[in-house]
Amino acid sequence: DATALRQLLTSLDGRSYGSYKQLKGSYDLGPCRLLIDHVQVDPYAPPSLMRLVVDRDAAGIPEDLLADRRGTVATTDFLARALVHAAAPLEGRLSIGAPAQEVLERTTVAVTSHGIEARLAAELPASGRRIRGRQASHLLTEELPRLAEAALSHARLDAEALRAHVTLHRDQEALRDQLAERGLVAFVGEGAILPRRAGDSDLPLSEGAVPFASPASLRVSFDLPSGRRVSGMGVPDGVTVIVGGGYHGKSTLLRAIERGVYPHREGDGREWVLTRADVAAVRAEDGRSVAGVDISPFISGLPSGTDTRRFSTTNASGSTSQAASLVEAVDAGASALLIDEDTSATNFMLRDARMRALIPAEREPITPFVDRVRPLHTERGVSTVLVAGGSGAFFDVADHVIALDEYVPRDVTAQARALADAPPPPGEAVFAPPRPRHPAAGALRPTGKRRPAAARGRGSIRFGHESLDLAAVSQLVDAAQTQAIAHALDRLAELTEHSPHLALDAAIAALCDRMDAEGLETLSPHHGHPGHLARPRPLELHAAVNRYRRLRLAE
Ligand code: ADP
Ligand code: MG
């Protein structure tokens, strides 16, 4: 108990840091139990991992809030935020895996059969390489129980706020559930605040933001489980083009739709921007590697004679990278694509009449996206939402054109149609059905010493000796998701090694099923404290595997 722990720590005071390892174990601290799962070997190693467990009764979470997965995700998100708030005075010594604007399934707080469990990482205090026992005792036997009481106890629980948090989450996901059957890619609610405070901040713009106002012709409304009714703009299936002058808010709208695959917290401004869960943003990313992707609908007849039905490169160009990312997303199950001119390769998107006259089609390996966006919808059922302020070429193939004028959207489909040529008649099918890709033996085995793959921030993973660059994967939003993907890569390496017949998409699907059945922690190699993970979408798992530079496919 607390007294024993206090005595142990006092006796360790001044001893060498390694003696901290005796702390591993379980302690009853009154309001909570403390489980110390992993002790750092020295003061500079990654922090020690511990858990605080509070009885279900003491936490007093109403059972109906935990009745479904959505309720549990929202409740544990709420508790994680409470924990972050209560831990503010311990800034720098404790890390919690803090949620940002999105409400994600994460491992920070879990509801287990024992109770409510908070997972923390703490720096055990040292001076030089010596233990500071009294300080450690203060942290573990006083600060942590205070934290548990402040964030996880019935007495301090703001039950009303918790219920509102869960209700919002359930309503958001219920709206998302309805999008596909209503033929919508996304929904942008009336009054939503889309712009962010700064390029490096995900907080809402606080001054001068123009609230979203939907055009009447695209207005839809939803009745939600709580009884709430919300209205706003429905972005229909098919091909939707967003136009408008520079700086009139096109990219901001598309970015919000991109992020709408995740639910946002109250006060974010994007609470009612919701996108089907399987919608993928696609951009150019020159320099990335590509392994065995059929980009022939877009690129064929390369001067080198390379077969683009099974295209591989270690250094893709702007257009080939965008073609590969697009095909990968579609093969991974994306039901719609989001594309912004700002991050696209111009020659991938379109070719104007003069260029078509000067360079005959048979001399040009690229068939631009403007010629493929309709077949993509008719043959594969994949919709596109596209920002194109610089060219009217997409008018010919658009089902809807939305113009932004000083951040206010208008439906200009009729005007754009009047300017457009007739769409080209459908030709022969160009998109082959997806072909399962089998990794070559050992192709996913990390190089070098076997140590667990690890995220380095949101945009990068160390996998063996390789560094996997995910900076351009824009719907990967949280470093804890990246860490989950890092573990997933290790699990995929094991899976494909044990079952060599398993194709990549089947292996990823199996892993996702396992997460559904056993929770996110199933990815973690550790027992007890799983680390701070947040759930990635299958699309981002695919994106990561597809960017692994040593990925090779079996012949
Ligand atoms: P575009 O892609 O049309 O060139 P952006 O979407 O990049 O324009 O937006 C330009 C600027 O306007 C950005 O700084 C953005 O934050 C801001 N902005 C976008 N939408 C709004 C809005 N609804 N209210 C206020 N500012 C906005
Ligand atoms: Mg833009």
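Each chain carries its own residue numbering, running from 1 in the written order of its sequence. Chains carry letters from A onward and ligands carry numbers from 1 onward, assigned in written order. With the structure being a predicted model, the display of local features is reserved for residues of pLDDT at least 70 and the display and counting of side-chain atom pairs for 80 or more, all residues being used for whole-chain, interface and lining totals.

1. Regarding the overall build of the protein
So the rule is basically this: Only runs of H or I of at least four residues qualify as helices and only runs of E of at least two qualify as strands under DSSP, and these elements are numbered from the N terminus. C-alpha atoms define the radius of gyration in this analysis, and the globule rule sets the expected value at 2.2 Å times the number of residues to the power 0.38. Two residues form a contact once the distance between their C-beta atoms, set from the backbone, is within 7 Å.
Looking only at helices and strands, the protein features 14 helices and 25 strands. Relative to the 2.2 N^0.38 estimate, which gives 24 Å for 555 residues, the radius of gyration of the protein is 26 Å and therefore close to what a compact globule would have. Contacts in the protein between residues far apart in sequence, at least 24 positions, make up 71% of those at least 6 positions apart.

2. Overview of the pairing of strand β11 (residues 201–204)
Each regular strand carries side chains that alternate between the two faces of the sheet. For clarity, the cut-off: In this analysis, strands are considered paired if DSSP registers two or more bridges between them.
Both strand β10 (residues 196–198) and β11 contribute to a ladder of two bridges, which runs antiparallel. Bridging across to β11, Arg196 finds its partner in Pro204. Joining the antiparallel neighbours β10 and β11 is a turn of two residues.

3. Considering the packing of helix α1 (residues 2–12) against helix α4 (residues 133–152)
Cut-off, in case you're wondering: In this description, a line fitted to the C-alpha atoms serves as the axis of each element, helices being fitted only across the stretch in contact, and the angle between N-to-C directions of two axes falls anywhere from 0 to 180 degrees. Here roughly perpendicular refers to angles of 65 to 115 degrees, roughly parallel to angles under 35, roughly antiparallel to angles over 145, and oblique to all remaining angles. Two helices cross in a left-handed way if the nearer one is turned anticlockwise from the farther one by less than a right angle. They cross in a right-handed way if the turn is clockwise. In this count, Pro and Cys sit with the nonpolar residues alongside Ala, Val, Leu, Ile, Met, Phe, Trp and Tyr, while Asp, Glu, Lys and Arg are called charged and the others, Gly among them, polar.
Taken N-terminus to C-terminus, the directions of α1 and α4 make an angle of 155 degrees; their axes are 7 Å apart at the nearest point. In terms of orientation, α1 and α4 fall into the roughly antiparallel class. For the pair α1 and α4, the crossing hand works out as right-handed. Facing Ala2, Leu5, Arg6, Leu9, Thr10 and Leu12 of α1, the residues of α4 in contact are Gly133, Arg134, Ala136, Ser137, Leu140 and Thr141. When the residues that make up the contact of α1 with α4 are grouped by side-chain class, the tally is six nonpolar, four polar and two charged.

4. Notes on the site of ligand 1
Threshold: Near, for a residue, is defined by distance from a backbone-placed C-beta atom to a molecule or strand, with 6 Å as the limit that must not be exceeded.
Neighbouring residues of ligand 1: 15 residues in total, closest Gly249, Lys250, Ser251, Thr252 and Tyr407. A per-element tally of the shell around ligand 1 places helix α6 (residues 250–259) first, with three residues. Across the shell around ligand 1, the residue classes break down as seven nonpolar, seven polar and one charged.

5. Remarks on the sheet that holds strand β22 (residues 408–411)
Strand order across the open sheet formed by six strands is β16-β19-β20-β14-β21-β22, with mixed pairing between neighbours. Strand pairing shows two members of the sheet lacking a second neighbour, β16 (279–281) and β22, which therefore form its edges. Ignoring which end each strand starts from, the neighbouring axes of this sheet average 20 degrees apart. Relative to strand β20 (residues 383–387), strand β19 (residues 336–340) is paired through five bridges, and the arrangement is parallel. Its bridge partner lying in β20, Asp340 is registered against Val387.

6. Regarding the nonpolar core
What counts here: Structurally, a nonpolar core is described as a collection of buried Ala, Val, Leu, Ile, Met, Phe, Trp, Tyr and Cys residues joined by way of C-beta atoms within 7 Å. Residue burial here comes from a neighbour count, namely the number of other C-beta atoms, placed from the backbone, that lie within 10 Å of the residue's own C-beta, with 20 or more meaning buried, 12 or fewer meaning exposed, and in between meaning partly exposed.
Within the largest apolar cluster, 155 residues are counted, with the highest numbers of intra-cluster contacts made by Leu52, Leu83, Ala334, Leu337, Ile461 and Leu489. Among the elements that line this core, the one with the most residues is helix α12 (residues 479–498), at eight residues. If sequence neighbours within four positions are ignored, Ala334 has contacts with Asp278, Val279, Ala280, Ala329, Val382 and Leu539.

7. Focus on the domain arrangement of the protein
Where we set the bar: Note that domain bounds follow an automatic or database assignment of domains.
Its domain assignment divides the protein into domain 1 (2–157), domain 2 (182–435) and domain 3 (454–546). The distance between the C-alpha centroids of domain 2 and domain 3 comes to 26 Å. Counting from both sides, the interface comprises 16 residues of domain 2 and, opposite them, 10 residues of domain 3. Those elements that provide at least two residues to the side of domain 2 that touches domain 3 are α6, β16 and α7 (318–331). Grouping the constituent residues of the side of domain 2 that touches domain 3 by class yields nine nonpolar, one polar and six charged.

8. Focus on the pairing of β19
The buried fraction of β19 is high, at five of five residues. Neither face of β19 is open: one carries Ala336, Leu338 and Asp340, the other Leu337 and Ile339, and all of them are buried. Where β16 meets β19, three bridges bridge the pair, whose relative direction is parallel. In the sheet register, Val279 faces β19, and the bridge partner there is Ala336.

9. As for the sheet that holds strand β25 (residues 466–469)
Note on sheets: strands pair through backbone hydrogen bonds, and any given pair is parallel or antiparallel. Across the sheet, which stays open at both edges, the three strands sit in the order β23-β24-β25 with antiparallel pairing between neighbours. Looking at strand neighbours, the two that pair on one side only are β23 (454–455) and β25, the edges of this open sheet. By the bridge criterion, two bridges tie β23 to strand β24 (residues 460–463) in an arrangement that is antiparallel. Note on β24: the bridge partner recorded for Ala454 is Arg462.

10. As for helix α13 (residues 504–518)
The following threshold applies: Each residue after the first adds 1.5 Å to the expected span of a helix. The arc in question is formed by the directions pointing from the helix axis toward the C-beta atoms.
For α13, which comprises 15 residues, the first-to-last C-alpha distance of 21 Å matches the rise-based estimate of 21 Å (1.5 Å per residue) to within 8%. Regarding α13, the residues found buried are Leu504, Ala507, Ile508 and Met515. All buried residues of α13 project into a common sector of 100 degrees when viewed along the axis, lining one side. Residues of α13 that are exposed and point more than 90 degrees away from the buried face comprise Asp513, Asp516 and Ala517.

11. Description of the packing of helix α3 (residues 69–86) against helix α5 (residues 159–179)
Running from amino to carboxyl end, α3 crosses α5 at an angle of 135 degrees, the nearest separation of the two axes being 9 Å. Here α3 is positioned oblique relative to α5, judged by the angle of their axes. Note on packing geometry: the crossing formed by α3 with α5 is right-handed. Together, Arg70, Gly71, Val73, Ala74, Thr75 and Phe78 of α3 and Leu162, His165, Val166, His169, Arg170 and Glu173 of α5 make up the contact between the two elements. Here the residues of the contact of α3 with α5 sort into five nonpolar, four polar and three charged.

12. Here's the deal with the confidence of the model for the protein
The test is simple: Each residue gets a pLDDT score, which is the predictor's confidence in that residue and runs from 0 to 100.
For the protein, mean pLDDT is 95; residues scoring 70 or higher make up 100% of the total. Under the prediction, the complex receives an ipTM of 0.99, its pTM being 0.96.

13. Quick look at the environment of Tyr247
Along the chain, Tyr247 falls in the loop between β14 (239–244) and α6. Sequence separation between Tyr247 and Leu404 is 157 residues; the distance between their C-alpha atoms is 9.5 Å.

14. As for unusual backbone geometry
Unlike most non-glycine residues, Glu406 shows phi in positive territory, near 50 degrees. For Glu406, a count of 10 C-beta atoms within 10 Å puts it in the exposed group. Residues other than glycine seldom take positive phi values, yet Tyr407 does so here, at roughly 75 degrees. Structurally, the position occupied by Tyr407 is in the loop between β21 (400–405) and β22. Judged by local crowding, Tyr407 falls into the partly exposed class, with 19 C-beta atoms found within 10 Å.

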